[in-house]
2 protein chains.
Amino acid sequence: MATTTTRRIALAARPVGEPRASDFRTEQTELPALRDGDVLLRIVYLSLDPYMRGRMSTARSYAQPMEIGDTMVGGTVAQVVESRARSLAVGDYVLSYSGWQTHAVAPARLLRKLDPRLAPLSTALGVLGMPGFTAYVGLKEIGKPLAGETLVVAAASGPVGATVGQLAKIRHARIVGIAGGAEKCRYLVDELNFDEAIDHRAADFAAQLEDACPRGIDVYFENVGGAVWSAVLPLLNDFARIPVCGLVAQYNATDVPAGPDRMPGLMREILSRHLTLRGFIQSDFAHLQRDFEREMSVWLQAGRIRYREDIVDGLDHAPEAFIGLLRGKNFGKLIVRVADE
Amino acid sequence: MATTTTRRIALAARPVGEPRASDFRTEQTELPALRDGDVLLRIVYLSLDPYMRGRMSTARSYAQPMEIGDTMVGGTVAQVVESRARSLAVGDYVLSYSGWQTHAVAPARLLRKLDPRLAPLSTALGVLGMPGFTAYVGLKEIGKPLAGETLVVAAASGPVGATVGQLAKIRHARIVGIAGGAEKCRYLVDELNFDEAIDHRAADFAAQLEDACPRGIDVYFENVGGAVWSAVLPLLNDFARIPVCGLVAQYNATDVPAGPDRMPGLMREILSRHLTLRGFIQSDFAHLQRDFEREMSVWLQAGRIRYREDIVDGLDHAPEAFIGLLRGKNFGKLIVRVADE
């Protein structure tokens, strides 16, 4: 007899600034009964991603905020333990959006079946999932790096940044990655074949970035904002493209930023340098999902795209791991192993 | 015997803030001798445009700054008075970039012959020239208004703004124009068929703009910046497009804008509302010039695009007219009649 309860982590309070442990609440709740077409899921992997910080607040974001008491949202890999849907059998693995919990009931039509023989299951949350697709569409539709152009990406050892850099390398661009700490920087150059890597914690970070981009910057894949963006802006070339997919350095901000007001200057740079800034999330380009899966699978198997995962064991550690993610403590795609495969 | 001198207006000093009469200098100078392929031109019309303010300063812009002593730049319509080029005969009219002067020597290959029977000669500087082409490419390549969407354009009685609004109307968008003063606003609604017109000088301008855009703003054609942009930003819909082709309200700015710093907030809006901001000048889309001429001629002859010119007589009045242009004093495309046709 399968379980009829789930242990879940809910939003207990809206964080002010950096989230704290007390903003989360763990509880045991009843699952709804299965209806025709539903399956009962046992969550195996939970993805932790910066966008979740936005969902915890009421500030306008690209998605509706969670309500207090809601299960924390998130992508998951899960196994079917009971099925009332013809398309899924007990034992099947699926990609679901079940959030921070151990079990869930979901309609089978919202789930994507995964084949564990094609790729490790956890990659459905990383390089073959939402972060990989974000990198893919942001480059293909907005960044469009050309051979010989310089691309800069921050959070470069994370799942989006690492994929951006490697995809742009396939297009023969020059890649400068920004990451926190010497170990991540070494990884970018030694393992991922980035041309340069710069530690954003260095006192002379802006000068290092300028040195690393002697021909300016043609594509800046924006996923952090803050001080990195400030250092990038003066280096942008005419006709530079800036896909804006995240601003993790700003998500915990509480103060109104002090002056001077740099917005008029930014507008002037957009005009005089013919810049393109475009905000997006991956679902804006859902029509490219099949192209992505086909191309990325080939590149992965050929070893042209590599990935790194940072796996944390146990749902109870999700809040701490998430708080660390916003501080840049993870090294690679952050995943919580909720249960063994 | 044709003249061998020109009376020209040169840049005497770089303006600090608003240009003053003393920033310009009128002088008589010798013209170079004609070489094979050259023509001697008698300037008939001189175009005055906001971009010239940028060329007077050393601040980074989309073109090289003029040097002190250079003839003020500008598009002109001129007549050939002497020719050493087979392609042009005495009496022909041409579009040239001869600047603020009465005569010029130019290679015929840089000139475009105009047919005075097809359209009034002055339109080559306005609706059929650079401002019209700016409106055309900014909408076609960046703004892309759809039927039923709301487009907002400022400086709307000027040659770019008026054409933007009418072109978007042809695409069945809802058009809200912003202009300075009741007379210009009436013109937009009564003559150009804009859906709404708002006076940016009104104390409750931002509230009026919000009332005029009950379904938000899908396209904002940015040619002024400053307070209008600040009022537009909160009203932008998801996936709004902002072609950035001018910031005339900021061109004379001298102070560093006081805080708070609104740049981080702008980046957040770009992300969360999937905005596209793209700076351009018309020459970025030179490949569309023929399409523009063909389509715009048809619309003009059919009366679907109308235009208004503000003609000032005499080269000596150019500095004063230009200073007025930056204050929004002109009503329609500002042109100096340097000599009779």
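Residues numbered from 1 in each chain as written. Chains lettered and ligands numbered in written order. Predicted model: local features only at pLDDT ≥ 70, side-chain atom pairs only at ≥ 80, totals over all residues. Heavy atoms only, no water.

So, about the interface of chain A and chain B. Chain A puts 41 residues into the contact, and the matching count from chain B is 41 residues. For the pair chain A and chain B, the two sides together bury roughly 3,500 Å², of which 65% comes from carbon and sulfur. Joining chain A to chain B, the criterion identifies 2 salt bridges. In this structure, Asp-261 of chain A and Arg-262 of chain B form a salt bridge, with 2.7 Å as the shortest nitrogen-oxygen distance. Linking chain A with chain B are 11 residue pairs in polar contact (both at pLDDT 80 or more), by the criterion used here. Contributing elements (two or more residues each) for the side of chain A that touches chain B: α6 (226-232), β12 (236-244), α7 (263-272) and β13 (276-279) of chain A. The element that contributes the greatest number of residues to the side of chain A that touches chain B is α7 of chain A, accounting for 8 residues. (Contact = heavy atoms within 4.5 Å. Buried area = accessible area lost by both parts, 1.4 Å probe. Salt bridge = Lys/Arg side-chain N within 4 Å of Asp/Glu carboxyl O. Polar contact = N/O pair within 3.5 Å; in protein donor to acceptor, adjacent residues only side chain to side chain. Helix = DSSP H or I, 4+ residues; strand = E, 2+ residues; numbered from the N terminus.)

Residues and elements named next belong to chain A. Entries for chain A in the domain assignment read domain 1 (5-125 + 308-337) and domain 2 (130-284). The straight-line distance from the C-alpha centre of domain 1 to that of domain 2 is 28 Å. Contact residues are listed per partner, giving 19 residues for domain 1 and 13 residues for domain 2. The interface formed by domain 1 and domain 2 includes 0 salt bridges. At the boundary of domain 1 and domain 2, one finds 2 residue pairs in polar contact (both at pLDDT 80 or more). Of the residues contributing to the side of domain 1 that touches domain 2, the split by class is 9 nonpolar, 4 polar and 6 charged. (Domains from an automatic or database assignment. Nonpolar A, V, L, I, M, F, W, Y, C, P; charged D, E, K, R; others polar.)

All names here are of chain A. Across all of its chains, the model carries 34 salt bridges over all chains by this definition. Linking Glu-149 and Arg-241 is a salt bridge whose minimum nitrogen-to-oxygen distance equals 2.6 Å. With Glu-149 in the loop between α2 (130-143) and β8 (150-153) and Arg-241 in strand β12, the pair connects residues that are 92 residues apart, well separated along the chain. You can call Glu-149 buried: its relative accessible area is 14%. (Buried < 20%, exposed > 50% of the residue type's maximum accessible area, 1.4 Å probe, protein only.)

Turning our attention to the packing of α7 of chain A against helix α7 (residues 263-272) of chain B. For the pair α7 of chain A and α7 of chain B, interaxial distance at closest approach is 8 Å and the crossing angle is 55°. Between α7 of chain A and α7 of chain B, the interaxial angle falls into the category oblique. In this structure, α7 of chain A uses Met-263, Leu-266 and Met-267 of chain A to contact α7 of chain B, whose residues at the interface are Met-263, Leu-266 and Met-267 of chain B. (Axes fitted to C-alpha atoms, helices over the stretch in contact; angles between N-to-C directions. Parallel < 35°, antiparallel > 145°, perpendicular 65-115°, else oblique.)

We now examine the packing of aromatic side chains. All names here are of chain A. The full count for this structure, using the stated rule, is 20 aromatic pairs over all chains. When the ring of Phe-221 is compared with that of Phe-280, the centres are 6.2 Å apart and the planes differ by 85°; the resulting orientation is edge-to-face. One end of the pair, Phe-221, is in strand β11 (residues 217-221); the other, Phe-280, is in the loop between β13 and α8 (289-301), with 59 residues separating them in the sequence. The ring of Tyr-187 has Arg-308 sitting right over it, with the charged end atom 5.4 Å from the ring centre. (Phe/Tyr/Trp six-rings, centres within 6.5 Å; stacked < 30°, edge-to-face > 60°. Lys NZ or Arg CZ within 6 Å of the ring centre and 35° of its normal.)

Quick look at the side chain of Arg-53 of chain A now. All names here are of chain A. Along the chain, Arg-53 falls in helix α1 (residues 51-55). Although buried, Arg-53 forms no salt bridge, and the nearest oppositely charged side chain, Asp-23, lies 7.2 Å from it. A polar contact is formed between the side chain of Arg-53 and the side chain of Ser-57, at a distance of 2.7 Å. For Arg-53, the residues in contact, after removing those within four places along its chain, are Pro-15, Gly-17, Pro-19, Tyr-251, Asn-252, Phe-322 and Leu-326. (Lys, Arg positive; Asp, Glu negative; His and termini not counted.)

This next bit is on the side chain of Lys-184 of chain B. Residue and element names in this part refer to chain B. Residue position: Lys-184 is located in helix α4 (residues 182-190). No salt bridge forms around the buried Lys-184; measuring N to O, its nearest opposite-charge neighbour Asp-310 is 7.3 Å away. Separated by 2.6 Å, the side chain of Lys-184 and the backbone oxygen of Gly-328 make a polar contact. With residues near it in sequence (within four places) discarded, Lys-184 still touches Ser-157, Ala-179, Gly-328, Lys-329, Asn-330 and Phe-331.

As a further point, take the pairing of strand β1 (residues 5-11) of chain B. All names here are of chain B. Within β1, 6 of the 7 residues are buried, which leaves the element mostly enclosed by the surrounding structure. Of the pairings in the sheet, the one linking β1 to strand β2 (residues 24-30) comprises 7 bridges and is antiparallel in character. Across the sheet, Arg-7 pairs through a bridge with Gln-28, a residue of β2. (Pairing = 2+ DSSP bridges.)

This next bit is on the sheet that holds strand β12 (residues 236-244) of chain B. Spatial strand order, β10(A)-β9(A)-β8(A)-β11(A)-β12(A)-β13(A)-β13(B)-β12(B)-β11(B)-β8(B)-β9(B)-β10(B): 12 strands in an open sheet with mixed pairing. Of all the strands in the sheet, just β10 (196-199) of chain A together with β10 (196-199) of chain B have a single pairing partner and so form its edges. Strand-to-strand twist across the sheet, computed as the mean angle between neighbouring axes with direction ignored, equals 15°. In terms of strand pairing, strand β11 (residues 217-221) of chain B meets β12 of chain B through 2 bridges, oriented parallel. From the neighbouring strand, Val-219 of chain B faces β12 of chain B, where its bridge partner is Arg-241 of chain B. Sheet contacts for helix α4 (residues 182-190) of chain A: β9 (174-179) and β10 of chain A; angle to β10 of chain A, the most-contacted strand, approximately 170°.

So, on to α7 of chain B. All names here are of chain B. When you tally the buried positions in α7, you get 9 out of 10 residues, the bulk of the element. Inspection of α7 places Met-263, Pro-264, Gly-265, Leu-266, Met-267, Glu-269, Ile-270, Leu-271 and Ser-272 among the buried residues, and these make up the whole buried set. Directly after α7, the chain includes His-274, whose backbone phi takes a positive value near 55°.

By secondary structure assignment, the location of Arg-201 of chain A is in the loop between β10 and α5 (205-212). It is 7.0 Å that separates the C-alpha atoms of Arg-201 of chain A and Gly-181 of chain A, two residues lying 20 residues apart in sequence.

Take the relation of the copies chain A and chain B next. Mapping chain A onto chain B is achieved by rotating through 180° and translating by 0.0 Å along the same axis, at an RMSD of 0.0 Å. Given the turn and translation reported, the copies of this chain are related as if by a two-fold rotation axis. A shared binding surface is used by both copies, with 100% of the interface residues of chain A retained as interface residues in chain B. (Least-squares fit on C-alpha atoms with pLDDT ≥ 70 in both.)

Time to look at the packing of α2 of chain A against α8 of chain A. Residue and element names in this part refer to chain A. Axis separation between α2 and α8 bottoms out at 10 Å; the angle between their running directions is 105°. When the axis of α2 is compared with that of α8, the two are roughly perpendicular. Contacts from Gly-132, Phe-133, Tyr-136 and Lys-140 in α2 reach Gln-289, Asp-291, Phe-292, Glu-295, Met-296 and Trp-299 in α8. Across the contact of α2 with α8, the residue classes break down as 5 nonpolar, 2 polar and 3 charged.

So, about the environment of Ala-202 of chain B. Its place among the elements puts Ala-202 of chain B in the loop between β10 and α5 (205-212). When the C-alpha atoms of Ala-202 of chain B and Gly-180 of chain B are compared, they prove to be 8.9 Å apart, with 22 residues separating the residues in sequence.

Residue and element names in this part refer to chain B. The buried count for helix α9 (residues 318-326) comes to 8 of 9 residues, which makes it a mostly enclosed element. For α9, the complete set of buried residues consists of Ala-318, Pro-319, Ala-321, Phe-322, Ile-323, Gly-324, Leu-325 and Leu-326. Gly-328 occupies a position one or two residues after α9 and carries a positive phi of about 75°.

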